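Listed below are the residues making up each chain.
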Amino acid sequence: MLNSVLSLAPSILSADFGRLADEIQEVEAAGAELIHVDVMDGSFVPNISVGLPIVEAARKATHLPIDVHLMIVQPEKYLADFARAGADIISFHVEASTHAQRALNQIRELGKRAGLALNPHTHESCLDYLLDDLDMVMLMTVNPGFSGQKFLPSQLSKILRVSEKAKSAAHMIDVQVDGGVNAETIGAVVKAGANIVVAGNAVFGQRDRGAALRGLRQAAAAHG
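If you're wondering where the values come from, they're calculated on a predicted model, not measured in any experiment.

(A) How the structure looks around the pairing of strand E4 (residues 89-93). Along E4, five of the five residues are buried, which leaves the element largely enclosed by surrounding structure. Both faces of E4 are covered, namely the face carrying Ile89, Ser91 and His93 and the face carrying Ile90 and Phe92. With four bridges connecting them, strand E3 (residues 66-71) and E4 associate as parallel partners. Paired with His69 across the bridge in E4 is Ser91. Pairing between E4 and strand E5 (residues 113-118): five bridges, direction parallel. Considered in E5, the bridge of His93 is made with Ala117. Taken together, E4, helix H4 (residues 100-109) and E5 form a β-α-β motif whose crossover is right-handed.

(B) Structural detail: the pattern of salt bridges. In this structure the tally under the stated criterion is 12 salt bridges. For Asp81, the salt bridge goes to Arg84, with nearest N and O atoms at 2.5 Å. One end of the pair is Asp81 and the other is Arg84, both in helix H3 (residues 79-85) and three residues apart, which spans about a single turn. Residue Asp81 is classed as partly exposed on the basis of its relative accessible area, which comes to 27%. Assessed through its relative accessible area of 64%, Arg84 is described here as exposed. As a salt-bridge pair, Glu124 and Arg161 come within 2.5 Å of each other at their nearest N and O atoms.

(C) Quick peek at the sheet that holds E4. Spatial strand order, E1-E8-E7-E6-E5-E4-E3-E2: eight strands in an open sheet with parallel pairing. Unpaired on one side and paired on the other, strand E1 (7-10) and strand E2 (35-40) mark the two borders of the sheet. Here the average twist between neighbouring strands, direction ignored, is 25 degrees.

(D) Main features of unusual backbone geometry. If you check the backbone angles, Gln74 has positive phi at about 50 degrees while not being a glycine. On the accessibility criterion, Gln74 (39% relative accessible area) is partly exposed.

(E) Structural view of the nonpolar core. Residues Val68, Leu70, Leu134 and Ile186 are the most contacted members of the largest nonpolar core, which totals 63 residues. Residue contacts for Leu70: discarding those within four places in its chain leaves Val39, Pro75, Leu79, Phe82, Ile90, Ser91, Phe92 and His93. Leu34, Ile89, Met136 and Val198 belong to the second-largest nonpolar core, a separate cluster that totals six residues.

(F) Molecular detail of helix H1 (residues 20-29). Looking only at H1, the buried set comprises Leu20, Glu23, Ile24 and Val27. For H1, the angular spread of the buried residues around the axis is 95 degrees, confining them to a single face. Phi turns positive one or two residues past the end of H1, at Gly31, with a value near 110 degrees.

Reading guide: rules and limits
- Residues numbered from 1 in each chain as written.
- Predicted model: local features only at pLDDT ≥ 70, side-chain atom pairs only at ≥ 80, totals over all residues.
- Heavy atoms only, no water.
- Buried < 20%, exposed > 50% of the residue type's maximum accessible area, 1.4 Å probe, protein only.
- Helix = DSSP H or I, 4+ residues; strand = E, 2+ residues; numbered from the N terminus.
- Pairing = 2+ DSSP bridges.
- Right-handed = clockwise from strand over helix to strand, strands pointing away.
- Salt bridge = Lys/Arg side-chain N within 4 Å of Asp/Glu carboxyl O.
- Axes fitted to C-alpha atoms, helices over the stretch in contact; angles between N-to-C directions.
- Core = buried A, V, L, I, M, F, W, Y, C linked by side-chain atoms within 4.5 Å.
- Contact = heavy atoms within 4.5 Å.
- Arc of directions from axis to C-beta.

As structure tokens, this is what we get:
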């Protein structure tokens, strides 16, 4: 487990790519625990974002763990490439790989932490035979593909159920939530059992990134 308390992972999808290194270093100095990188292929999701060069650039810009979220088909073809580029955590969607267990094992063999992402409609029962192979479950609280979407309250009960599954495992599994999290929603997310929260616009969309991160932590503590 990364941490038993809340860890914040600003998503660079909402950052200014013209000054990406500075953006990453600002949130590192402000106390972020991870840097989240969303990789989209225009096939698994209806958008195209960044790839290996951006992961390499992020790795050079920070000492924080790089948390790579692959929204791509056949992620197993690229796991070694993202590991070499500097990813510390690699997550992919269960629907994107024909052999999810094999892909999770491959990530671990590369010396990285293995994560499985669940879309809002994906039932958590898919985890039942994969818990031994997981280091993190990522729960999407929006439909993946675009930043700035509205949080789906229907996912709160799912976060709770997944956090209970994670606790039942023989090893520690992090529960990450990604999508529409801000000061209004983070309390309920953490209360439901998430210990890693991805935030894009709620951090990089604010002029003062330190104040944004502090505000998220305060909101989580007050309402979680």
